[in-house]
Each structure stands twice: as structure tokens, then as C-alpha cells.
Amino acid sequence: MKYDLIDSKLFIKNRKNFMAQMKPNSLAVFNSNDIYPISADSTLPFEQHRDIFYLSGVDQEESVLVLFPDCPKEKHREILFLKETNEHIAVWEGEKLTKEKAFETSGIKTVYWLQDMEKVMFEIMTQCDTVYINTNEHYRANVETETREARFTKWLLNKYPAHSVAKSNPILQRLRSVKDQIELDLIQKACDITEKGFRRVLKFTKPGVWEYNLEAEFMHEFLNNRSKGFSYTPIIGSGNNANVLHYIENNQQCKAGDLILIDAGAEYANYSSDMTRTIPVSGKFNDRQKAVYNAVNRVKNEATKMLVPGTIWEQYHIEVGKIMTSELLGLGLLDKADVQNENPDWPAYKKYFMHGTSHHMGLDTHDYGILTEPMQANMVFTVEPGIYIPDESFGIRLEDDVVIQETGEPFNLMRNIPIEVEEIEDIMNS
């Protein structure tokens, strides 16, 4: 891994918090992701399943974590199963985790090789009543490929059909949504790397560059700062491309006078950052662009203030919509009749701002969190309003990542990333 070793006390704490919410005499299992094939002998780069990483820090394929807090054998209350490493693997693939290194990473003392799993599982399954399976229940999930986790669950329930079954996901949704300080520091590191990339891009951008050139500039800076790259597929949309919300082709030339909407963030140690900025190709906004930009920035600033403990996500978006409506009236994009005659299920402002303002962020860019429950301190949210005007061939979105505080306004993890019109113009023209 490119990142520095994370203090294992984070993972020890995470496991303790998870096990405290398990039913009596129950066992929970978590699997690594597969390495996914492309064709021939090619594969996609490995990405660890965030849940096993959250609970163990293990960032390696073919790994399994078992938690059984009430196990009669103390050494089987936390178990890691790992792919056995050897000299051949070390030469051809690089060194895998040894048992000693796995303990240093996770704080788990009992480590078996994967070949012993069925034997050990049989022993401990005869000692428990309930087994927690780990299903993906994120509100944005749309899974068509059978995962390693799903295959394992199928095997487990077929082999042990008499056990009661429980779900890990509701526990993890709540635990993962509230960040430890170590996690906040890792997310801050990801945001700081994103800042370096953005400042590089500001200096680089000029008429005639291509969207993919900007993507390359980000990647250069990310890799040089121990990130493995983008935390999600970047959006670099110049001109009217900005009005395609998930534009990822990034293959058009940037023309003088246009704006470029950049939605890009670095990962660090599997933690995400999620930034959006909109910049002028020529280094200067015209008056209309500046007016819309400042309106979006005002909405972002007002929306940020609402992210406090107790806020309900759905009501928050209603209030942000009211602020956006006022700004759109001021810009002449809506008139009073539009608002008076609006459909309550699709308010008038949605013509120009059709997506949500905020989502949880952390190990996943759209991180775990139960949206019907009140916001809590140490949750991390994006704040990302936008105004999209296809008739004027530009769209503007601005996005920061913030941490909810016990009292007062959230802490902005992207406070050092240029956002004001004047600062962006000054850097681009210096």
C-alpha cells in the first residue's frame, strides 16, 4: 500500500463497538472483495471491501474476518483468515501479510491461513446460535455482480441452515457514519492531497487544453502524495458538458470564455475526499458567470450552517431548496409565478438544481449513514449545490467536505482549497 500504516487502535475500537451491538452467542463474518477479471489474464486493480477494512485494517484479497465475542475459546473471539504467503508469491506478486504483520495491522492475535477456515468455522459454528451476514443495503446500491461476500453467505447458509440469521449492515451503517479522530485525520489528508491537485490545475488551465489534460494533472499530484488516485471517477466538464451531472468522458477541448466544472477528489488509505470547483478556462469569469457562481457559493455557505446535530436530512434539503429558490429569483431564472404554481413534489428550483445537496462521506464517497436518523457530531457530509443552465452553455457546482461539530458550524476539511472568485482568478493569472 502507498499509505502509511494506520494505528491499529482504530480497528480495535471499531471491532469493540460492533461486537457490543451483536446478539448474545452470535458470530459475524466479513469477506474481502474479489479481484475482478477483465479478459485474458487482465484484472481490475484490487479495491478492498470497506467493511472488513473498517474492522481490521486488512487491505488484501482473500481475507476473512470472524467476530464471536461470546466464544468459549478466548482466542476465537476475533479471527483473521488470510491467504498463505510464501516465497513464490513474494517473487511473482509481492509480499502478502504474514501472521505477524497482520497482527501489527489489525490488533488481532489469532490468524489462520485460509486453508484452515472450514475446519475452524465448523468448530465455532457449533458453538453459536446466530450468524451475522454482511449484505449491501446502501440506499444507492445497485449490485449485479455476485460478490465474494455473497458467495460466502450462500455457502454458509447452505451448510448451516439451522442457525438464526442477523444483518451486520444496520450496525455498520450507524457505526461507520460517525468518524473517529483517526478517520477524520485520514479524510483531511485526502482533502489536502486534493488541494494540491487543484492548485496545480489552476496554474495549468488555459484555452486549448483538453479535459483529460486536467485529469492527468490531478493524477500526477495524487500519486506523488501517496494516494492511489481518484476516490471516484472524476467529472471534468467544460462548457455544456457541465450540465451532464455524471459526465465522465473528459475528452473535449476547453475553449476560451467557457467554464469547467471539476468534480474530483483524492483517496488516501481508502478514505475519500469529494471536491467540486468551477473555474474559467481563460482565467476570468464574465459578469453573468460570476453572478451565478456567487449565488451558488452563498447557497453552499448557508446550507453548511444547517449541518448540526439533530438535523434531519430530508428537512434540510427542503430548507436548502428555499434558499436556492431565492437565489434563482434574483438571477432571473425563475419568476414569482413559477414558484406560486410549482409542483410540491418537484419544486420550481429543481429545473436548475436537480440533485441533493449533501451525502455522507468517508470510506465510501457516498458513505454509510441512515438518512432518516438525526445528524450527529463527527459525521462527515458533502455540501454541493449547483445551478445548471444549458441555454447559457454553463453549469456551476461547488462542493466542500465538512465535519459536524458538537456545537456551532461544521468544520470545513476543504477550508484551504480556493473557492472565492477573486482567489481563483488571482491564482490562474499569477
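In this report, we go over the structure that sits alongside the text. Every value quoted in this text rests on a predicted model; they were computed, and no experiment measured them.

### Some points on the sheet that holds strand β6 (residues 110–113)
For step 1, the next point in the chain: Reading across from one edge, β6-β5-β4-β1-β7-β8 is the order of the six strands in this open sheet, with mixed pairing throughout. Among the strands making up the open sheet, the edge pair consists of β6 and β8 (164–167). Direction aside, the axes of adjacent strands within the sheet are offset by 25° on average.
For step 2, the next point in the chain: As paired strands, strand β4 (residues 64–67) and strand β5 (residues 78–82) are joined by four bridges and run antiparallel to one another. When the sheet's bridge partners are listed, Leu 67 is paired in β5 with Glu 78.
For step 3, the next point in the chain: Sitting on the sheet, helix α1 (residues 9–19) touches β1 (26–31), β4 and β5, and the angle it makes with β4 is about 50°.

### So, the pattern of salt bridges
Two side chains bearing opposite charge may form a pair once their charged atoms approach each other closely.
For step 1, the next point in the chain: As enumerated under the stated definition, the model contains 30 salt bridges in all.
For step 2, the next point in the chain: Here Glu 104 ties to Lys 101 by a salt bridge, and the two come within 3.4 Å at their closest N and O atoms. Placement of both Glu 104 and Lys 101 in helix α4 (residues 99–106) is noted, with a separation of three residues, approximately one turn of the helix.
For step 3, the next point in the chain: In this structure Glu 104 comes out as partly exposed when scored by relative accessible area, which is 40%.
For step 4, the next point in the chain: The partly exposed category is assigned to Lys 101, whose relative accessible area is 37%.
For step 5, the next point in the chain: It is possible to trace a salt-bridge network through shared partners that takes in Asp 51, Arg 176, Lys 179, Asp 364 and Asp 367.

### With respect to the packing of α1 against helix α7 (residues 169–177)
For step 1, the next point in the chain: At a minimum axis separation of 10 Å, α1 and α7 run at an interaxial angle of 135°. If you check the angle between α1 and α7, you find them oblique. Relative to α7, α1 is oriented so that their crossing is right-handed. Facing α1, whose interface residues are Asn 14, Asn 17 and Phe 18, α7 presents Ile 171, Leu 172 and Leu 175.
For step 2, the next point in the chain: Of the residues in the contact of α1 with α7, the class split is four nonpolar, two polar and no charged.

### Thoughts on a negative patch on the surface
For step 1, the next point in the chain: Where like charges cluster on the molecular surface, the negative patch consists of Glu 420, Glu 422, Glu 423 and Asp 426.
For step 2, the next point in the chain: Inspection of the secondary structure assignment puts Glu 423 in helix α13 (residues 421–428).

Calculation rules
Residues numbered from 1 in each chain as written. Predicted model: local features only at pLDDT ≥ 70, side-chain atom pairs only at ≥ 80, totals over all residues. Heavy atoms only, no water. Pairing = 2+ DSSP bridges. Helix = DSSP H or I, 4+ residues; strand = E, 2+ residues; numbered from the N terminus. Axes fitted to C-alpha atoms, helices over the stretch in contact; angles between N-to-C directions. Contact = heavy atoms within 4.5 Å. Salt bridge = Lys/Arg side-chain N within 4 Å of Asp/Glu carboxyl O. Buried < 20%, exposed > 50% of the residue type's maximum accessible area, 1.4 Å probe, protein only. Parallel < 35°, antiparallel > 145°, perpendicular 65-115°, else oblique. Left-handed = near helix turned anticlockwise from the far one by under 90°. Nonpolar A, V, L, I, M, F, W, Y, C, P; charged D, E, K, R; others polar. Patch = residues over 30% accessible without salt bridge, like charges linked within 9 Å, V, L, I, M, F, W, Y side chains within 5 Å. Areas by Shrake-Rupley, 256 points an atom, 1.4 Å probe, with all protein chains shown as cover. Lys, Arg positive; Asp, Glu negative; His and termini not counted. Charge placed at Lys NZ, Arg CZ, Asp CG, Glu CD.

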